[in-house]
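The primary structure of each chain is shown beneath.
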Amino acid sequence: MAKSSLGPVTFAHVNKLKLERSSLKDSEIHLFQMESRASTNNVTELIITGLFQDPEVQRVCFVLFLPVYLATILGNGLIIVTVSVSKSLRSPMYFFLGYLSLVEICYSSTVVPKFITDLLVKVKTISLKGCLAQVFFFHFFAVAEIFLLVVMAYDRYVAICKPLHYMNIMSRQLCHMLVAGSWLGGFIHSIIQVLNTIQLPFCGPNVIDHYFCDLRPLFKLTCKDTFVEGIVVLANSGLISLFSLTILVSSYVIILFSLRNRSAEGRRKALSTCASHITVVILIFGPAIFIYMRPSSTFTGDKLVAVFYTVITPMLNPIIYTLRNAEVKVAMRKLWGKKENSGMGQ
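My aim in this report is to walk through the structure given alongside it, one point at a time. (Residues numbered from 1 in each chain as written. Predicted model: local features only at pLDDT ≥ 70, side-chain atom pairs only at ≥ 80, totals over all residues. Heavy atoms only, no water.)

For the rest of this paragraph, the subject is the overall build of the chain. When helices and strands are tallied, the chain shows 11 helices and 3 strands. Along the chain, from the amino end to the carboxyl end, the secondary structure elements read α-β-α-α-β-α-α-α-β-α-α-α-α-α. The proportion of buried residues among the 346 residues of the chain is 42%. Within the chain, residue pairs in contact and separated by at least 24 positions form 81% of the contacts whose partners lie at least 6 positions apart. In the structure as shown, the chain presents an accessible area of about 18,800 Å², 69% of it carried by carbon and sulfur atoms. (Helix = DSSP H or I, 4+ residues; strand = E, 2+ residues; numbered from the N terminus. Buried < 20%, exposed > 50% of the residue type's maximum accessible area, 1.4 Å probe, protein only. Contact = heavy atoms within 4.5 Å. Areas by Shrake-Rupley, 256 points an atom, 1.4 Å probe, with all protein chains shown as cover.)

Let's shift gears to the nonpolar core. Of all hydrophobic cores here, the largest spans 64 residues; its most connected members are F65, F96, L97, L149, Y211 and Y309. Elements represented by at least two residues in this core include exactly α2 (55-85), α3 (92-118), α4 (128-161), α6 (172-198), α8 (227-258), α9 (264-292), α10 (300-323) and α11 (326-345). Residue contributions to this core peak at 14 residues, all from α4. Not counting residues within four places of it along the chain, the set of residues in contact with F96 comprises V151, M152, D155, M170, C175, L178 and V179. (Core = buried A, V, L, I, M, F, W, Y, C linked by side-chain atoms within 4.5 Å.)

It is worth spelling out the sheet that holds strand β3 (residues 207-208) at this point. Across the sheet, which stays open at both edges, the 3 strands sit in the order β2-β1-β3 with mixed pairing between neighbours. Both outer strands of the open sheet, β2 (124-127) and β3, are each paired with one neighbouring strand and no more. Sheet topology note: the strand β1 (residues 45-48)/β2 ladder contains 4 bridges and is antiparallel. Looking at β2, one finds that I48 is bridged to K124. (Pairing = 2+ DSSP bridges.)

Turning next to α6. Taking 1.5 Å of rise per residue, 27 residues should cover 39 Å, and α6 covers 39 Å from first to last C-alpha, within 8% of that figure. Within the span of α6, buried status applies to C175, V179, S182, G185, G186, H189, S190, Q193, V194, N196 and T197. (Expected span 1.5 Å × (residues − 1).)

On the surface, a cluster of nonpolar side chains totalling about 710 Å² of accessible area is made up of L184, F187, I188, I192, F227, V228, I231 and V232. In this structure, V228 sits in helix α8. You can call V228 exposed: its relative accessible area is 54%. (Patch = residues over 30% accessible without salt bridge, like charges linked within 9 Å, V, L, I, M, F, W, Y side chains within 5 Å. Salt bridge = Lys/Arg side-chain N within 4 Å of Asp/Glu carboxyl O.)

Turning our attention to the environment of I247. Its place among the elements puts I247 in helix α8. Distance from I247 to Y154, taken between C-alpha atoms, is 8.4 Å for residues 93 residues apart in sequence.

This paragraph deals with the packing of aromatic side chains. One pass over the structure, following the stated rule, counts 15 aromatic pairs. Relative to F141, the ring of F140 has its centre 4.9 Å away and its plane inclined at 45°; by these criteria the two rings are tilted. F141 carries the same exposure label as F140, and that label is buried. Every member of this aromatic cluster is reached through a ring pair, and the members are F65, Y107, F115, F138, Y211 and F212. (Phe/Tyr/Trp six-rings, centres within 6.5 Å; stacked < 30°, edge-to-face > 60°.)

What follows deals with α2. Taking 1.5 Å of rise per residue, the 31 residues of α2 would be expected to cover 45 Å, and the 44 Å separating its terminal C-alpha atoms lies within 8% of that figure. Residues Q58, C61, F65, V68, Y69, T72, G75, N76, G77, I79, T82 and V83 constitute the buried set of α2. Taking the backbone nitrogen of E56 as reference, a side-chain oxygen 3.1 Å away marks D54 as the first, capping residue of α2. (Polar contact = N/O pair within 3.5 Å; in protein donor to acceptor, adjacent residues only side chain to side chain.)

A separate point is the pattern of salt bridges. All chains considered together, the criterion is met by 5 salt bridges. Where D118 meets K114, a salt bridge forms, and the shortest distance between an N and an O atom there is 3.3 Å. Of this pair, D118 and K114 are both found in helix α3, 4 residues apart, which corresponds to roughly one turn of the helix. What makes D118 buried here is its relative accessible area of 8%. Salt-bridge contacts for E229 lead to K224; the nearest nitrogen and oxygen are separated by 3.4 Å. Its relative accessible area of 7% is what places E229 among the buried residues. Its relative accessible area of 37% is what places K224 among the partly exposed residues.

The structure is reproduced here in structure tokens:
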């Protein structure tokens, strides 16, 4: 009886073991398929959702944003030409302003031309390589702009707090080194961001919920956990922002304290110059902090804020600097006066 009762029990155990081995093999096969999928990039082309889905709204946006982009190119280009030609704008402040305008043109041109043309097409696509290139140049010019603003803040600090030593400290050689350092800083930051992203496996989906390529929406397309990569991106961007904002705030606080001993006219001129810098700093850091220093979302509001710092802010900078700077306005009038006279002479 013991022998016959043992038979069915043993048979059931054997069947159970076979089922467990079969399910284990299925799990191993599924895991292998996932690993092989994650090891290759199946995505070569990306679809961009854009700012709005309604074709009518997109056409209205095209009519609005095209003149804004043209104004950005013309306004910043006019500042570059004016600073280069005018003999009255030879101080380091205008030297840096010319390079800031150049960066604004490059920064805006990284995103806006494709964004505007995409408003006229139904399906918006970009290659994965093109997307990574856009990420690189977007971050490159954005950080170069931030470093240039830090350099301009240092220039104002030396000019106001150490006026007698200004030309000795802010020599031509130092100015070139500071500009080169700004470009180099932007390059190092951007290459870290791209190298951190390019090794990720992109195996679908291939839809970017944005109107241009940026790191957060791009990370959502990978088939692996991007927690570590997200920390690297946050640390890279966060440290630069914190370092730059600390220097900017410290510089202007010191400047404001030093102005207490100046005459009313001296304070007015110094504050007029600094007000332009402070306004531009707020316009750049405000939206960036709103977007990057909080949990990600898919709200259209995020895209609208991004439109502000990619499309609107580059256009506002030349307006801010020319409206509040008498020397630039006078130099521009002289430049246009020379052009009109030469045209009448012909």
